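# Structure assessment
So the chains spell out like this:
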Amino acid sequence: MKRHELEAWAKKYRAGKVPLAEFVQQVTAPDDSQSAERMEVVTLDDQREARCGFPEVVYGEGKSPEVIAQIFEQQRKRNVTPFATRIDAEKGAWLSQRYPEALYSELGRTFRFPTSADKASWGRVGLVTAGTSDLPVSEEAKQTLLWMGIEPTVIHDVGVAGPHRFGQRVGEIQNADAVIVIAGMEGALPSVVGGYLACPVIAVPTSVGYGASFQGVAALLGMLNSCASNVTVVNIDAGFKGAYLAGLIAQRVQKAESRGK
C-alpha cells in the first residue's frame, strides 16, 4: 500500500469511520499491484475508496446477474458495501432472491446493500425534480446518496410551469452543501434553482419530453447554457453521476468543517 493510501485509511480509523478489523485488513493486504483483485472477466478495484473517497460501483447493464453477484462477493470479502446501478427487473429479482437483506429499487434500477449509514446521515444535499416523469432518474440519485450515507432533502414536482411551487419550498434546501436538479423538457429548472442558492447546483437532464426534446438533448443544451453561474451539468438521465458529485462535495464540506472545530 502506498503512503497516501495508508494515511487515508489511518485518518478514517482515527475519525471512527472504519472499525479496527477493517483498518488492519486494509493495511496488511497484499499489494498485488496491488490494488486489483482479478476474476474471470472482471478486475476489481478494491482501493477505489482510498483513492477517490467511495468504493467502486457496479454498472449493471451488459453484465449477467451471476457476474454481478461474483463482484458483490469479492467486495464483501473486502468489507466494501456493494452498490449497483442499471439493474433491470429480471436481474433485480434474481439478486433479491440471493441477497434478501439488500434493497432493490425497480423505479431507480439500483441494488443497494444496507450499511450503518442507513441509521444516520451526514452531509446536506438537496434533490429537486421538475415533474413526476423525472422520478426514475431522481430515484437513482436518491439511492446513490443513501449508499453514500446521505439522506437527501427531496422536493418533487416543482417545474417552471408553476414557478411559485419552488419558491414556497426553497427554505428547505437553503443551507445545502450541493443541490441536484433533475428536469426534462426544456431543462429550465436548474437556472431557477441556481438563482436562489449559494451552493453548487448539479443539473441532470432527463430524456422526458416530446419530439423536439430529442430524448433529452434539448434539456442538456438548455442546462449547459444556463445563466446561473453556480449550475454545472452531467449527462442525460445520469442520476448516479449527479448524486456522486453531490456526495463528494458534501464529503469535502464535512471534512473542512471537522478541521475547523
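A brief look at the structure comes next. In every chain, residue numbers begin from 1 and rise along the written sequence. With the structure being a predicted model, the display of local features is reserved for residues of pLDDT at least 70 and the display and counting of side-chain atom pairs for 80 or more, all residues being used for whole-chain, interface and lining totals. To obtain the side-chain values, all non-hydrogen atoms of the structure were used and water was disregarded.

## Quick notes on the sheet that holds strand β9 (residues 178-183)
Only strands that DSSP links by at least two bridges are regarded as paired with each other. Comment: elements are numbered from the N terminus, with helices defined as DSSP H or I runs of at least four residues and strands as E runs of at least two. If you walk across this open sheet you meet the 5 strands as β8-β7-β9-β10-β11, and the pairing is parallel. Only two strands of the sheet have a single partner each, and these edge strands are β8 (153-155) and β11 (231-233). Mean inter-strand twist for the sheet, computed between neighbouring axes without regard to direction, equals 20°. Here 3 bridges tie strand β7 (residues 125-129) to β8, and the two strands are oriented parallel to one another. Bridging from a neighbouring strand, Leu 127 pairs with Val 154 of β8. Each axis is a line fitted through C-alpha atoms, taken for helices only over the stretch in contact, and angles between the N-to-C directions span 0 to 180 degrees.

## Regarding unusual backbone geometry
Despite not being glycine, Asn 79 shows a phi value in the positive range, around 60°. Examined against the element boundaries, Asn 79 turns out to sit in the loop between α4 (65-77) and β4 (83-85). Taking the relative accessible area as the measure of exposure, Asn 79 reaches 43% and is therefore partly exposed. One non-glycine residue, Arg 86, adopts positive backbone phi at about 55°. Mapped onto the elements, Arg 86 comes out in the loop between β4 and α5 (89-98). Each residue gets one of three labels from its accessible area relative to the maximum for its type: buried under 20%, exposed over 50%, partly exposed in between, using a 1.4 Å probe on protein chains only. Using a relative accessible area of 19% as the deciding quantity, one classes Arg 86 as buried.

## Focus: the packing of helix α6 (residues 135-147) against helix α10 (residues 239-260)
At a closest axis distance of 7 Å, the pairing of α6 and α10 adopts a crossing angle of 35°. Read as a crossing pair, α6 and α10 show a hand that is right-handed. For the pair α6 and α10, the contacting residues are Val 137, Glu 140, Ala 141, Thr 144, Leu 145 and Trp 147 in the first and Gly 239, Phe 240, Ala 243, Tyr 244 and Gly 247 in the second. In terms of residue class, the contact of α6 with α10 is built from 7 nonpolar, 3 polar and 1 charged. Working rule for handedness: look at the near helix, and if it is turned counterclockwise from the far one by less than a right angle, call the crossing left-handed; if clockwise, right-handed. Two residues form a contact once any of their heavy atoms are found within 4.5 Å. Amino acids are sorted into nonpolar (Ala, Val, Leu, Ile, Met, Phe, Trp, Tyr, Cys and Pro), charged (Asp, Glu, Lys and Arg) and polar (every other residue, Gly among them).

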